[in-house]
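Structure at a glance
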Amino acid sequence: MRKIISIVVCMLACSMVFAASFSSVEGKLFNDKSFIFPDDLLEERSVIIALTLSSSRKNGEEQQKHFIEWQKKLKETSSKLNSITVYHISVIDGAPFFVRGAIRNGIAKEYGDLVKETQGGVLYLSKSERFASDARIPIDGEPTLVVLSATGSIEGFVKGAYSSDRMLQLQSLLGM
């Protein structure tokens, strides 16, 4: 019963988010290549964006630990979602230009071999609150898994550390 309630709550949240999308912004992948978010990440089917939105470095590092656990669970051979592309994107406010490479490299190093260099990146913004607000995603210190359709529309999102209930919510968003 609890799982059904969780799925219903997720579906209600999705209906509130329906038709939201991200603003296009330039970022850098872990391999130092420039990309346009989310445009360059879209595929013929939905993708998952593990989005680190935080108000502090410490919280960003905590979210990254949760995303490492999520990545492991999503890529297990028994997972229904192991064939879905997952991008790990960190949003960082106001970092000076001369430290951005070091920040990006530090984040990439923490993911190690779990995330391909082309599936992780950083967006350096001056107003992450506006970026999140435009996408109708609250900045609340929780890791956020966003499902993006092939057209770039936000299908919904799941917030929090890995749990089997949250995995079911993510599957529901992906129509699985």
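Residues numbered from 1 in each chain as written. Predicted model: local features only at pLDDT ≥ 70, side-chain atom pairs only at ≥ 80, totals over all residues. Heavy atoms only, no water.

Further remarks concern the sheet that holds strand β2 (residues 34–37). A sheet is described by the order of its strands in space; here seven strands give the open sequence β2-β1-β5-β4-β3-β6-β7, paired in mixed fashion. At either margin of the open sheet sits one strand with a lone partner, and together these are β2 and β7 (154–159). Shown here is a sheet whose adjacent strand axes are inclined to one another by a mean of 30°, direction ignored. Sheet analysis places strand β6 (residues 144–148) next to β7, joined by five bridges and oriented antiparallel. (Pairing = 2+ DSSP bridges. Helix = DSSP H or I, 4+ residues; strand = E, 2+ residues; numbered from the N terminus. Axes fitted to C-alpha atoms, helices over the stretch in contact; angles between N-to-C directions.)

Mapped onto the fold, Gln 63 is located in helix α2 (residues 57–74). Of the residues examined, Gln 63 reaches a relative accessible area of 1% and is grouped as buried. Along the backbone, Gln 63 and Thr 144 are 81 residues apart, and their C-alpha atoms lie at a distance of 8.6 Å. Sequence-distant contacts of Gln 63, that is, excluding residues within four places in its chain, are made with Leu 51, Thr 52, Leu 53, Ser 54, Gly 141, Glu 142 and Pro 143. (Buried < 20%, exposed > 50% of the residue type's maximum accessible area, 1.4 Å probe, protein only. Contact = heavy atoms within 4.5 Å.)

As a further point, take the side chain of Ser 54. Tracing the backbone through its elements, the reader meets Ser 54 in the loop between β3 (47–53) and α2. A distance of 3.1 Å separates a polar side-chain atom of Ser 54 from the backbone oxygen of Ser 56. (Polar contact = N/O pair within 3.5 Å; in protein donor to acceptor, adjacent residues only side chain to side chain.)

Another point: the pairing of strand β1 (residues 25–29). A one-sided burial pattern is seen for β1, the buried positions being Val 25, Gly 27 and Leu 29 and the unburied ones Glu 26 and Lys 28. Bridge count for β1 against β2 is four bridges, and the pairing is antiparallel. Bridge pairing links Gly 27 to Phe 35 in β2. In sequence, β1 turns back onto β2 through a hairpin of four residues, with Asp 32 there showing a positive phi of about 75°.

We now examine the confidence of the model for the protein chain. On average, residues of the protein chain carry a pLDDT of 88, and 89% of them reach 70 or more. In this model, residues 4–17 is a region of pLDDT below 50 whose contacts with residues beyond four sequence positions or in other chains number 15 contacts. (pLDDT = per-residue confidence, 0-100.)

Checked against the element boundaries, Glu 62 lands in helix α2. Sequence spacing of Glu 62 and Glu 142 is 80 residues, and the spatial spacing of their C-alpha atoms is 8.9 Å.

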